[in-house]
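# Examination of the molecular architecture
The residues making up each chain are set out below.
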Amino acid sequence: MSNALLYNPTSMEAGLEAVFKTRTVTDAQQAAFARFAKLRMPNRRLEGWKWSDFNGALRDFSPINDAPAADTVASSEFASLNPLEFRIVDGRIELPVEEIPEGMRYGVIEPVATILELESHAIASLNVAMTRKALGIEVVEGAVIERPILIRHINTGAGFSFAQSMMRISPNAKAQLIETYEGNCAGFYSHLFHMVVRDGAEFNRTVVQETGPDNTLHALCAAKVNETAHFEQTSFSTGSRLARHETIAHFWSPSSSATINSAALLCGERHNDFTTHVVHKERDCETRQLHKGVARDRGRNVFQGKFEVERIAQKTDAKMTANALLLSEGAQANHKPELEIYADDVECAHGSTVGSLDEDALFYLRQRGLDEKSARAMLIEAFFGDVMSGVKNDVVRDCIHQKIKTWMETS
Amino acid sequence: MLKIDNLHVAVGGNEIIKGLTLKVPKGEVHAIMGPNGSGKSTLSYTVAGRDGYDASEGSVMLNGENILEMDPDERAAKGLFLSFQHPMEIPGVQTMNFIRTALNAQRKARGEDEMSAAEFLKTVREKARHVGLDDAKIKRQFNVGFSGGEKKRMEMLQMAMFEPRFAIMDETDSGLDIDALKMVGEVVNTLRGPERGFLVITHYQRLLDYIRPDKVHVLAGGQIVKSGGPDLALELEKSGYEQFIKAA
């Protein structure tokens, strides 16, 4: 191809280029694809991707999405919360069939042209180039939306799917979002979430990934957090062939705060990567991050957390903790906590541990009458305790709790 | 009752228990005293079934059954309780949930009905008060932030809840003040009965002021080197263990 954008592409990249060329695209999309062509699908030679090699996993992948249109979708496990339910089925957006609740606006909108840190991100660039429409949700100023908003990402096909969501929590508004990644397929799904939490707003997001083992997933949430706003996120994943949940949060104004917690339970050959980058761009901001991962068989738990504190961001208070439990010989944990601090009056700390179940505690519980399986289950549940107590919604917490129990029972 | 016959135990390749024989008939309280390193904790771990504490020879019979081949939880369900010398802090484990789960697991293994939540709550509160732990303490994560004395009180609370047929108390008195020692004595004396036995492991005589043993044994060099009545403890307090260390 004389006008090829990609030099020496893998079959997956060549396929993507072929699809891209059939499209009518915007200048921003053209530029985004050019950037992808330069950056290429991330591989393990890149520092931030050495444990999650998307190029290796996808190089022979066919980009053709042969997804049968999934017309029947089972009801959500969060249905009892009566959520406002959005679906993105193989990249296709489905809005709730009901009247738009007061205090909200939503619809299918044009995709984003840019997001935070897009310039350096190959998969985000590819997503910008390939996504045709986006889901847009806005919570208007001062609105308190008690009813949870649910976005279900359901993938059934074997090819690529791209999707985008945009959410804006207006000043002094309050909302709660649950996002689920579902489906048992061998496809690749890329989701880009652009989020703005305006002055004085409170936003709580829970992410639950429970897909089949063959799914490849990249989900990127880029959040701008404004003055005195609070962004709270808990992610839970049972991993898949290759799954990476990235969170980029920038504090744009003083006195804002974020809690970013995550938990992974990995068995078989499942892989999960929680990568976060929190940038403190203004003073008096507070971040708390806690990650817990449990892996058995040949499961792999990846955690990469980075706090950046700019020179102006004095009095930043940021703490990061990552703990992993490995239950089998072949299980792996790769943690990389990082601090990059340019301000001199801050309190920042990180800690990371990887270990096995405490044999003393195990014997103690068994001496009291618990069989080995129950004793292990009790200790693993206890290990997740801090993350679980951060989940505010009782139904969501019980549901995740049940998933942890089920995971342990199938061991 | 507990009957240990010619027990040999090696830990990490070193033989610690070297042919120990001991019989505690039901309804009796026996004390084992001995110097540091004589094998007291090894004995309690072996009887309770801890990994790495395997008998190479001999038998341990609890109420007529050889328990050496049983898992620790099976031994617990048979009515064996070990009060730990160094009780664990287990962050994230809620105390009441743990005790209730363990109690019901034991009951289930014995084919008994589970204790209802309401009955459990009433019982655990009452017994917690008895051992000097207030409601706030039993609502916390297991032993987290507890002092050494409070951890021992938690051991006594569990012993009172589980009502074991045989309890081994491994240096329950270490680190306790006089009031706590009295409490331990009260718990044991309340539970004491014709169907229940106790093996009280201690360095010092003072706990035995509150729990009067039927027999006292001296453990030195991995064997019982002397047995006698309660007066033996007083004698040891005066003369020390040196004679036994030399003899062993």
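As the structure is a prediction and not an experimental result, all values here were calculated from the model.

Cut-offs used in this document
- Residues numbered from 1 in each chain as written.
- Chains lettered and ligands numbered in written order.
- Predicted model: local features only at pLDDT ≥ 70, side-chain atom pairs only at ≥ 80, totals over all residues.
- Heavy atoms only, no water.
- Patch = residues over 30% accessible without salt bridge, like charges linked within 9 Å, V, L, I, M, F, W, Y side chains within 5 Å.
- Areas by Shrake-Rupley, 256 points an atom, 1.4 Å probe, with all protein chains shown as cover.
- Salt bridge = Lys/Arg side-chain N within 4 Å of Asp/Glu carboxyl O.
- Lys, Arg positive; Asp, Glu negative; His and termini not counted.
- Charge placed at Lys NZ, Arg CZ, Asp CG, Glu CD.
- Helix = DSSP H or I, 4+ residues; strand = E, 2+ residues; numbered from the N terminus.
- Buried < 20%, exposed > 50% of the residue type's maximum accessible area, 1.4 Å probe, protein only.
- Pairing = 2+ DSSP bridges.
- Axes fitted to C-alpha atoms, helices over the stretch in contact; angles between N-to-C directions.
- Contact = heavy atoms within 4.5 Å.
- 1 Å grid on protein atoms, 1.4 Å probe; cavity = no way out; pocket = protein on both sides within 12 Å on 5 of 7 lines; lining within 4 Å.
- Points joined across faces, edges and corners; volume = space filled by probe spheres on them.
- Polar contact = N/O pair within 3.5 Å; in protein donor to acceptor, adjacent residues only side chain to side chain.
- Nonpolar A, V, L, I, M, F, W, Y, C, P; charged D, E, K, R; others polar.
- Buried area = accessible area lost by both parts, 1.4 Å probe.
- Domains from an automatic or database assignment.
- pLDDT = per-residue confidence, 0-100.

## Some thoughts on a negative patch on the surface
A cluster of like negative charges, contributed by A:D358, A:E359, B:D51, B:D54 and B:E69, occupies part of the molecular surface. For A:D358, the position within the fold is in the loop between β19 (347–355) and α5 (359–367). Its relative accessible area of 37% is what places A:D358 among the partly exposed residues.

## Remarks on the sheet that holds strand β4 (residues 134–139) of chain A
Residues and elements named next belong to chain A. Read from one edge of the open sheet, 9 strands run β3-β4-β6-β8-β10-β12-β14-β16-β18, paired in mixed fashion. Bordering the open sheet on either side are β3 (104–109) and β18 (332–341), each of which pairs with just one other strand. Strand after strand, the sheet turns through a mean of 10° between neighbouring axes, direction not considered. In the sheet, strand β10 (residues 216–225) pairs with strand β12 (residues 242–251) via 10 bridges, with the strands oriented parallel. Bridge assignment links V225 to a residue of β12, and that residue is F251. In the packing of helix α4 (residues 122–130) onto the sheet, contacts are made with β6 (160–169), β8 (188–197) and β10, and the angle to β8 comes to roughly 90°.

## Considering the pairing of strand β11 (residues 215–220) of chain B
Residues and elements named next belong to chain B. The element β11 is extensively covered by neighbouring structure, given that 5 of its 6 residues are classed as buried. Relative to β11, strand β3 (residues 29–33) runs parallel, the two being bridged by 4 bridges. Looking across to β11, one finds that H30 is bridged to K215. In this sheet, strand β12 (residues 223–228) lies alongside β11 in antiparallel orientation, the contact comprising 5 bridges. Pairing of H217 across the sheet is with S227, part of β12. Hairpin connection of β11 to β12: 2 residues between the antiparallel strands, including G221 at a positive phi of 60°.

## Considerations on the layout of surface pockets
Here the largest pocket is characterised by a volume of approximately 790 Å³. Along its surface, the largest pocket is lined by 30 residues, and A:A377, A:M378, A:E381, A:K405 and A:M408 are the ones closest to its centre. Taken together, the elements giving at least two residues each to the lining of the largest pocket come down to α6 (372–389) and α7 (394–409) of chain A together with β7 (90–94) and α3 (95–109) of chain B. By residue number, the principal contributor to the lining of the largest pocket is α6(A), which donates 13 residues.

## Observations concerning the side chain of A:T275
Residues and elements named next belong to chain A. For T275, the position within the fold is in strand β14 (residues 271–280). A relative accessible area of 12% places T275 in the buried class. Among the polar contacts made by the side chain of T275, one reaches the side chain of Q304 at a distance of 3.0 Å. Among all residues touching T275, those that are not within four sequence positions of it are R244, H245, E246, T247 and Q304.

## With respect to empty space enclosed by the protein
All names here are of chain A. Under the definition given, this model contains 3 cavities of 30 Å³ or more. Of the pockets and cavities examined, the largest cavity occupies roughly 60 Å³. Lining the largest cavity are Y181, R205, V207, A219, L220, C221, Q233, S235, H245, E246 and T247. Of all the elements in the fold, those that place two or more residues in the lining of the largest cavity are β9 (202–209), β10, β11 (230–237) and β12. Here the lining of the largest cavity is composed, by residue class, of 5 nonpolar, 4 polar and 2 charged.

## Overview of the pattern of salt bridges
Tallied over the full model, the rule gives 47 salt bridges over all chains. With its nearest N and O atoms 3.0 Å apart, the salt bridge here joins A:R244 to A:E246. When its relative accessible area of 3% is taken as the criterion, A:R244 is described as buried. With a shortest N-O distance of 3.6 Å, A:R366 and B:D71 are connected by a salt bridge. With one member in each of two chains, A:R366 in helix α5 and B:D71 in the loop between β5 (65–66) and α2 (72–77) form a pair that bridges those chains. A residue is classified by how much of its surface remains accessible, and A:R366, at 10% relative accessible area, is buried.

## Quick notes on the pairing of strand β1 (residues 84–89) of chain A
Residues and elements named next belong to chain A. Of all 6 residues that make up β1, 5 are buried, and the element is covered over most of its length. Bridge analysis of β1 against strand β5 (residues 149–154) gives 6 bridges, and the strand direction is parallel. Note on β5: the bridge partner recorded for V89 is I154. In the sheet, β1 pairs with strand β2 (residues 92–94) via 3 bridges, with the strands oriented antiparallel. The residue of β2 that forms the bridge with R87 is E94. The turn linking β1 back onto β2 is made up of 2 residues, and D90 within it adopts a positive phi angle of 50°.

## Description of the interface of chain B and chain A
With 28 residues of chain B at the interface, the matching set in chain A holds 17 residues. Summed over both sides, the interface between chain B and chain A buries roughly 1,900 Å², with carbon and sulfur atoms accounting for 66% of that surface. Interface area lost by chain B to chain A is led by B:R50, B:D73 and B:M88, which between them contribute 29%. Scanning the region where chain B abuts chain A turns up 4 salt bridges. At the level of secondary structure, the elements contributing two or more residues to the side of chain B that touches chain A comprise α1 (40–48), α2, β6 (80–83), β7, α3 and α6 (148–162) of chain B. No other element matches the 6 residues that α3(B) contributes to the side of chain B that touches chain A.

## Considerations on the domain arrangement of chain A
Interfaces are often sized by the accessible area lost when the parts come together. Residues and elements named next belong to chain A. As assigned here, chain A comprises domain 1 (74–358) and domain 2 (359–411). Inter-centroid distance (C-alpha atoms) of domain 1 to domain 2 is 24 Å. Tallying the contact residues gives 32 residues for domain 1 and 24 residues for domain 2. For the pair domain 1 and domain 2, the summed buried surface comes to about 2,400 Å²; carbon and sulfur atoms form 70% of the total. Linking domain 1 with domain 2 are 3 salt bridges. K403 is the partner of E210 in a salt bridge, and the nearest nitrogen-oxygen pair spans 2.6 Å. Between domain 1 and domain 2 we count 10 residue pairs in polar contact (both at pLDDT 80 or more) in total. Contributing elements (two or more residues each) for the side of domain 1 that touches domain 2: β7 (174–182), β9, β11, β13 (257–266), β15 (286–295) and β17 (317–326). If one sorts the elements of the side of domain 1 that touches domain 2 by residue count, β13 sits on top with 6 residues.

## Re the confidence of the model for chain B
Confidence in the prediction for chain B averages 94 pLDDT; 99% of positions are at 70 or higher. The ipTM, which scores confidence in the relative placement of chains, is 0.97 for this predicted complex, and the corresponding pTM is 0.89.

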